[in-house]
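# Report on the structure
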Amino acid sequence: MEIFDQVEKLIGEINAYPISNAEELEQFRIAYLGSKNSIKPIFGRIKDVPNERKKEFGQKVNEAKQTAEARFKELQSSLKNAGTSDKYKTFDPTLPMDGEWEGSRHPVSIVMNKIIHVFEKIGFEVAEEREIEDDWHNFTAMNTPEDHPARDMQDTFYLKDSKSSLLRTHTSSVQARVMTSQKPPIRIIAPGRVYRNETISARSHCQFHQVEGLYIDKNVSFADMKQTLLYFAREMYGADTDIRLRPSFFPFTEPSAEMDVWMGTDTDATKRLTKGTGWLEVLGCGMVDPNVLKNCDIDPEVYSGFAFGIGIERTAMQKYEINDIRLLFENDLRFLKQFSSAT
Ligand code: DAH
């Protein structure tokens, strides 16, 4: 019967339909599986088929439909696979990204930017300076005597064949740079990388980051420093945060202090972080030593000021509960991806 031949022919067509890309596959879908597909009208002609062959005809038309479905599925998945492997064959940097992971800030940058932002709000300006320093700005100007252990080769990376060029050991060197090139009032925040010849371990690294702060003007007092640092602590750790200043020693400040913030001992995490005391050590600070002012040609009889230094890695490790400083320098995507939503 002619109508049976037509179904046969249709099955042949379905099997032979040329498909080599997604567009052709879509045309195939419209032709044989879409709402206006060409199988439907043939099925409609079942009324012309004699009763005893109606069942056979129905099966034949179904076969056509199933053939189209099977071919569609098969080609769909093989085109998809081909697409993925193509992606690796040629690298086209102009293609839009797949949107899975748009990158994220490094935890060190997140913490550094936050600190900068907090001080910018009260009028501090960012000062960026060189990482290769000379002995004078890093040590001498900062009132660190010749025989100070920090000057030892074991702590400081000196440049080859040089006794005076070194990798700065702290951002305090920026204080000397700024004080010798600007007149008070000075209000700066200096973020940056510093280097020390330390054995690399979970707790220490030969490179890390600090943010230095310096405020010089007439009549700057210890109370000004305390109030500024309290503001910082509350911006950083929450509005009710309490601080305490413990006496300490730094060659470039007198008096010197270390600032702790109150974390409490309510949770296991805060207990661990504060070694059971509730207090977390956050930064070093003090009133700028008159010798430092003198070294930089600022009259200590007229001006006074305070300075502070914050270790970024340590702050980031506390904030994100990171237990190994090396993770911050390895750029392992599995680690970095965890900060996608962090701000
Ligand atoms: N430079 C010190 C260090 O690297 C940190 C520091 C302490 C900086 C006290 C300061 C300060 O400005 O006043 O350990």
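As a reminder, the structure under discussion sits directly above these lines.
Heads up: these notes are all about the structure in this document. Keep in mind the model is a prediction, meaning the values are calculated, not measured.

Calculation notes
Residues numbered from 1 in each chain as written. Predicted model: local features only at pLDDT ≥ 70, side-chain atom pairs only at ≥ 80, totals over all residues. Heavy atoms only, no water. Helix = DSSP H or I, 4+ residues; strand = E, 2+ residues; numbered from the N terminus. Rg over C-alpha atoms; globule rule 2.2 N^0.38 Å. Contact = heavy atoms within 4.5 Å. Lys, Arg positive; Asp, Glu negative; His and termini not counted. Charge placed at Lys NZ, Arg CZ, Asp CG, Glu CD. Core = buried A, V, L, I, M, F, W, Y, C linked by side-chain atoms within 4.5 Å. Buried < 20%, exposed > 50% of the residue type's maximum accessible area, 1.4 Å probe, protein only. Phe/Tyr/Trp six-rings, centres within 6.5 Å; stacked < 30°, edge-to-face > 60°. Lys NZ or Arg CZ within 6 Å of the ring centre and 35° of its normal. Pairing = 2+ DSSP bridges. Salt bridge = Lys/Arg side-chain N within 4 Å of Asp/Glu carboxyl O. Expected span 1.5 Å × (residues − 1). Arc of directions from axis to C-beta. Near = heavy atom within 4 Å. Polar contact = N/O pair within 3.5 Å; in protein donor to acceptor, adjacent residues only side chain to side chain. Areas by Shrake-Rupley, 256 points an atom, 1.4 Å probe, with all protein chains shown as cover. Nonpolar A, V, L, I, M, F, W, Y, C, P; charged D, E, K, R; others polar.

### Things to note about the overall build of the protein chain
The secondary structure content of the protein chain amounts to 13 helices and 9 strands. Computed over the C-alpha atoms, the radius of gyration of the protein chain is 36 Å, more than 25% above the 20 Å expected from 2.2 N^0.38 for a compact globule of 343 residues. If you take every contact in the protein chain between residues at least 6 apart in sequence, the share linking residues at least 24 apart comes to 66%. Here the protein chain contributes 44 positively and 53 negatively charged side chains, and the mean placements of these two sets differ by 7 Å.

### Focus: the nonpolar core
Judged by nonpolar contacts, the single largest core of 40 residues is most densely connected at Ile115, Phe232, Met259, Leu283 and Phe308. Of all the secondary-structure elements, those providing two or more residues to this core are α5 (107-120), β5 (207-217), α8 (222-237), β7 (253-262), β8 (279-288), β9 (304-311), α11 (312-320) and α13 (333-336). Ranked by the residues each element gives to this core, the list is headed by α5, at 8 residues. The contact partners of Phe308, leaving out residues within four places of it in the chain, are Phe119, Ile189, Val211, Glu212, Gly213, Leu229, Leu283, Gly284 and Cys285. Counting 20 residues, the second-largest nonpolar core is a separate cluster that includes Val174, Ala176, Met179 and Ile186.

### Things to note about the packing of aromatic side chains
Counted according to the given criterion, the structure contains 14 aromatic pairs. Aromatic pair Phe4 and Phe57: ring centres 5.6 Å apart, planes at 75 degrees, arrangement edge-to-face. With Phe4 in helix α1 (residues 2-16) and Phe57 in helix α4 (residues 51-89), this residue pair connects regions lying 53 residues apart in the sequence. Judged by its relative accessible area of 9%, Phe4 is buried. Each member of the aromatic cluster is reached from another via a ring pair, and the members are Phe119, Phe124, Tyr215, Phe232, Phe306 and Phe308. The ring of Phe4 carries the charged tip of Arg53 above its face, separated from the ring centre by 4.0 Å. The lysine or arginine in question, Arg71, covers the ring of Phe28, its NZ or CZ lying 5.8 Å from the ring centre.

### Describing the pairing of β8
The buried count for β8 comes to 8 of 10 residues, which makes it a mostly enclosed element. Of the strand pairs in this sheet, β8 and β9 are connected by 5 bridges, and their pairing is antiparallel. Within β9, the position partnered with Gly286 by the bridge is Ala307.

### A few points about the pattern of salt bridges
Per the counting criterion, the structure on display carries 18 salt bridges. A salt bridge links Glu133 to Arg177; the nearest nitrogen and oxygen atoms lie 2.8 Å apart. Of this pair, Glu133 sits in strand β2 (residues 132-134) while Arg177 sits in helix α7 (residues 172-181), placing them 44 residues apart in sequence. Comparing Glu133 with Arg177, the two get one shared label, buried. Salt bridges here are not isolated pairs; linked through shared partners, they connect Arg244, Arg246, Asp260, Glu281 and Arg314.

### Re α1
Counted at 1.5 Å a residue, the expected span for α1 with its 15 residues is 21 Å, and the 21 Å between its end C-alpha atoms agrees. What α1 keeps buried is the set Ile3, Phe4, Val7, Leu10, Ile11 and Ile14. The arc that holds the buried residues of α1, viewed along the axis, is 115 degrees, so those residues lie on one side. In α1, the exposed positions angled more than 90 degrees off the buried face are occupied by Glu2, Lys9 and Ala16.

### A look at the environment of Phe252
Residue placement: Phe252 occurs in the loop between β6 (243-250) and β7. In this structure, the C-alpha to C-alpha distance between Phe252 and Asp92, residues 160 residues apart in sequence, is 54 Å.

### Points about the site of the ligand
Not every one of the 15 residues close to the ligand is listed here, only the nearest: His170, Ser172, Arg196, Gln210 and Glu212. Between Glu212 and the ligand, the recorded distance is 2.6 Å, taken from a side-chain N or O atom to an oxygen atom. A distance of 3.3 Å separates an oxygen atom of the ligand from a polar backbone atom of Phe308. Considering the ligand on its own, with 350 Å² of exposed area, one finds that the protein chains cover 88% of that surface. Elements with a contribution of two residues or more to the shell around the ligand: α7, β5, β8 and β9. A class-by-class count of the residues in the shell around the ligand yields 5 nonpolar, 8 polar and 2 charged.

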